[in-house]
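Chains, contacts and geometry: an overview
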Amino acid sequence: QTQTQMVDTYEADADITVAALLQAGRPALIRGKIEGWAARKWSPELIAGSEELGSIKTVFAVHPRRPAGVVWETEAAYVSGTLADLAVWILRGERPDTPCPPKRTRSEEEPAFAKLNPKDFWVYASYKHMAHLFAGREALLAALDWGVVGAERAGEESTFWFGSAGSRTACHYDTYGCNLVAQLHGTKRWVLLPPAAAAHVAPTRVPYEESSVFSGVDVGALSPATIAAWGGVCVEVQPGDVLFLPPLWWHYVEATTAAISVNTWIGLPGDDAARVEEGIVRVLVAMAAKALDLDLSSLLNPTESMFTATQAFSALSLAHTQTHTRSPSPVLGPHPSLLSLPSPPASRRVSAAPVYIPPAALTTTATGNTASTEPPPQPLTAPLPATASAACHLSPLDLVRALTHPDVIRTVARVMHDPAAAQRTVHHVEDAAANHS
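Described in the following lines is the structure provided in the data block. (Residues numbered from 1 in each chain as written. Predicted model: local features only at pLDDT ≥ 70, side-chain atom pairs only at ≥ 80, totals over all residues. Heavy atoms only, no water.)

1. Observations regarding the pattern of salt bridges
When charged atoms on two side chains of opposite charge get close, those side chains can pair. Filter applied, for reference: Each salt bridge in this description consists of a side-chain nitrogen of Lys or Arg and a carboxyl oxygen of Asp or Glu lying within 4 Å of one another. Partly exposed residues are those whose accessible area sits between 20% and 50% of the maximum for their type, while under 20% is buried and over 50% is exposed, using a 1.4 Å probe and protein chains only. Numbering goes from the N terminus for both helices and strands, where a helix is a DSSP run of H or I of at least four residues and a strand is a run of E of at least two.
Inspection of the entire model under this criterion finds 14 salt bridges. In this structure, the salt-bridge partner of E110 is K115, at a minimum N-O distance of 2.6 Å. Each member of the pair, E110 as well as K115, carries the same accessibility label: exposed. With its nearest N and O atoms 2.6 Å apart, the salt bridge here joins R282 to E304. Linking R282 in helix 9 (residues 271-291) with E304 in the loop between helix 9 and helix 10 (309-325), this pair joins segments that are 22 residues apart in sequence. With relative accessibility at 6%, the residue E304 sits in the buried group. Here the salt bridges share partners, and the residues they tie into one network are E45, E94 and R95.

Written as structure tokens, this is what we have:
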């Protein structure tokens, strides 16, 4: 084992347990442990020619490349296709003379990104639950075994990520569990920041996605000196590496080449309390949308389904009850979300949020998504009217961001758990005001 800039490195002969990684409390890079996985052979070339992998249909996010700024999933177009469609697009971008793969692996009609230039766009199949994506394909689900890095789980508890060079995940931290990420093909650049970096990265819950607190800062553009000053580190994850991400660490991820990876989240004792906080955010988002006459879908990440305030409160109530009626979730336990808790009957559930499809270049919508004829959601950094100053202008989104800020949610959760904390909070505020004056 070696340690470099807050990242522990383990070689293939190291004896590793997740409990030990958690106790160390630092990110860790584990090398050489997954060379025996069948999934280690997955690549764009294999996917393009494999009926088993290539013919799988899913939804892709298509983003235009731009030089700077936070990249939000709300800005993407979402189109359907097969994994082979993306593999062929990637390979032809690298080598225009790439031969056409078997027809059985490709969509009957070319996906909307097929004729786009990879120099101008990147395409990503991200956060795909393997139990659903590979349903009925037992060999694919058995192609990985996290036991080699100390976690007894396989494909059913994992997610799949496949993107072209430049595909990225906006900086955020996960409110539930810890994370193991295996790099199967290509390389990814990870910018890792400790929880304390929240003071620098402008946390926001808009757009809302369960268990993800996003950053309003373009972390991918930070200099190495700034990353180090904020207590962070930049890690290049290579094929065959497994990255361990401790709880609540901020991370920005960018594929420096075409890349395929899989990950698994591992439940922790603090997840029950975190689900209560997620429930509070969900209720506030739904209530704010109604009170401020906002389209709820404009507050949600495209990955999030629509919900009513009543549905959100039902999930919150159940999560709150469970924190009082059962022992904490065990280390290495399951990683349930609010949506895995009992929910209202299907007849009462709201359909998925419509997805805005930018008009330029992309016109094909994904199966299950509806192209909106309304204007796009208000940008998260909407320009101020010419007659207003930054000091006096307040938008409804500003209010929603403030109401759902992680610090506010933690206080609400504390008061819910212990009503007497409300009085202590009032005294704390009064003391702070007196000291300030």
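2. Remarks on the nonpolar core
Selection criterion: The nonpolar core is taken to be a set of buried Ala, Val, Leu, Ile, Met, Phe, Trp, Tyr and Cys residues, with the residues joined through side-chain atoms within 4.5 Å. Only heavy atoms enter the contact rule, under which two residues are in contact if any of them lie within 4.5 Å.
Formed by 54 residues in total, the largest nonpolar core has its most connected members in W42, F134, W146, F160 and V262. Of all the elements, helix 4 (residues 83-94) adds the most residues to this core, at 7 residues. Once residues lying within four places of it in the same chain are set aside, the contact partners of W146 are W37, A151, R153, A154, S158, L180, V181, A182, V242, V262, N263 and T264. The next biggest cluster of nonpolar side chains, apart from the first, holds 22 residues, and it includes V281, F307, A312 and V400.

3. So, helix 11 (residues 396-403)
Our working definition: Here the arc refers to the directions that run from the helix axis out to each C-beta atom.
Residues of helix 11 that are buried include every one of L397, V400 and R401, and no others. Summarising the axial view, the buried residues of helix 11 lie within an arc of 100°, below the 170-degree limit, and thus occupy one face.

4. Observations regarding the packing of helix 9 against helix 12 (residues 406-417)
For the record, the criterion: Whenever a helix is involved, its axis is fitted only over the stretch in contact; in every case the axis is a line through C-alpha atoms, and angles between N-to-C directions fall within 0 to 180 degrees. The labels follow the angle: roughly parallel below 35 degrees, roughly antiparallel above 145, roughly perpendicular from 65 to 115, and oblique for the rest. When the near helix sits turned anticlockwise from the far one by under a right angle, the crossing is termed left-handed; a clockwise turn instead gives a right-handed crossing. Note that Gly is not counted as nonpolar here; it falls among the polar residues with everything else outside the nonpolar set of Ala, Val, Leu, Ile, Met, Phe, Trp, Tyr, Cys and Pro and the charged set of Asp, Glu, Lys and Arg.
Their axes nearest at 9 Å, the elements helix 9 and helix 12 cross at an angle of 110°. In terms of orientation, helix 9 lies roughly perpendicular with respect to helix 12. Here helix 9 and helix 12 pass one another in a crossing that is right-handed. Contacts between helix 9 and helix 12 pair V276, E277, I280, V281 and L284 from the former with I409, R410, V412, A413 and M416 from the latter. Its residues assigned to classes, the contact of helix 9 with helix 12 shows 8 nonpolar, no polar and 2 charged.

5. Digging into the side chain of H63
Mapped onto the elements, H63 comes out in strand 4 (residues 57-64). When sequence neighbours within four positions are dropped, the list of residues in contact with H63 reads V71, W72, E73, A76, D120, F121 and W122.

6. Here's the deal with the environment of M6
As for its position among the elements, M6 is in the loop between strand 1 (2-4) and strand 2 (7-10). When its relative accessible area of 29% is taken as the criterion, M6 is described as partly exposed. For M6 and G25, which are 19 residues apart along the polypeptide, the C-alpha to C-alpha distance reads 9.5 Å. In contact with M6, not counting residues within four places along its chain, are R26, P27, G231 and W249.

7. Describing the packing of helix 9 against helix 10
Interaxial distance between helix 9 and helix 10 falls to 8 Å at its minimum, and their mutual angle equals 160°. Here helix 9 is positioned roughly antiparallel relative to helix 10, judged by the angle of their axes. With respect to the hand of their crossing, helix 9 and helix 10 are arranged in left-handed fashion. Two secondary-structure elements touch here, helix 9 through D272, A273, R275, V276, G279, I280, R282, V283, A286 and M287 and helix 10 through A309, A312, F313, L316, A319, H320 and T323. Classifying every residue of the contact of helix 9 with helix 10 gives 11 nonpolar, 3 polar and 3 charged.

8. Regarding the sheet that holds strand 13 (residues 233-237)
Applied cut-off: By the convention used here, strands pair only if DSSP detects at least 2 bridges between them.
As summarised here, the arrangement of the 6 strands in space is 11-12-8-15-10-13, forming an open sheet in which the pairing is antiparallel. Because the sheet does not close on itself, it has two edges, and the strands there are strand 11 (203-209) and strand 13. Shown here is a sheet whose adjacent strand axes are inclined to one another by a mean of 35°, direction ignored. Of the pairings in the sheet, the one linking strand 10 (residues 188-193) to strand 13 comprises 5 bridges and is antiparallel in character. The residue bridging V191 from the neighbouring strand is C234, located in strand 13.

9. Overview of the packing of aromatic side chains
Here is the rule: Whether two aromatic rings pair depends on their centres lying within 6.5 Å, for rings of Phe, Tyr and Trp, where Trp uses its six-membered ring; planes under 30 degrees apart make the pair stacked, over 60 edge-to-face, and the rest tilted. Note on criteria: charge over ring means Lys NZ or Arg CZ within 6 Å of the ring centre, with the direction from the centre no more than 35 degrees off the ring normal.
For the coordinates displayed, the defined rule picks out 14 aromatic pairs. Judged by centre distance (5.9 Å) and plane angle (85°), the rings of W42 and F134 are edge-to-face. With a gap of 92 residues between them, W42 in the loop between strand 3 (28-31) and helix 2 (44-49) and F134 in the loop between helix 5 (130-133) and helix 6 (138-141) connect regions that are remote in the sequence. Each member of the pair, W42 as well as F134, is classed as buried. Seen from their ring centres, W72 and F214 are 5.9 Å apart, and the 75° between their planes marks the pair as edge-to-face. Separated by 142 residues along the polypeptide, W72 in the loop between strand 4 and strand 5 (77-82) and F214 in strand 12 (residues 212-215) bring together distant segments of the chain. The lysine or arginine in question, R275, covers the ring of Y176, its NZ or CZ lying 5.4 Å from the ring centre. The aromatic ring of F307 is capped on one face by R282, whose charged end is 4.5 Å from the ring centroid.

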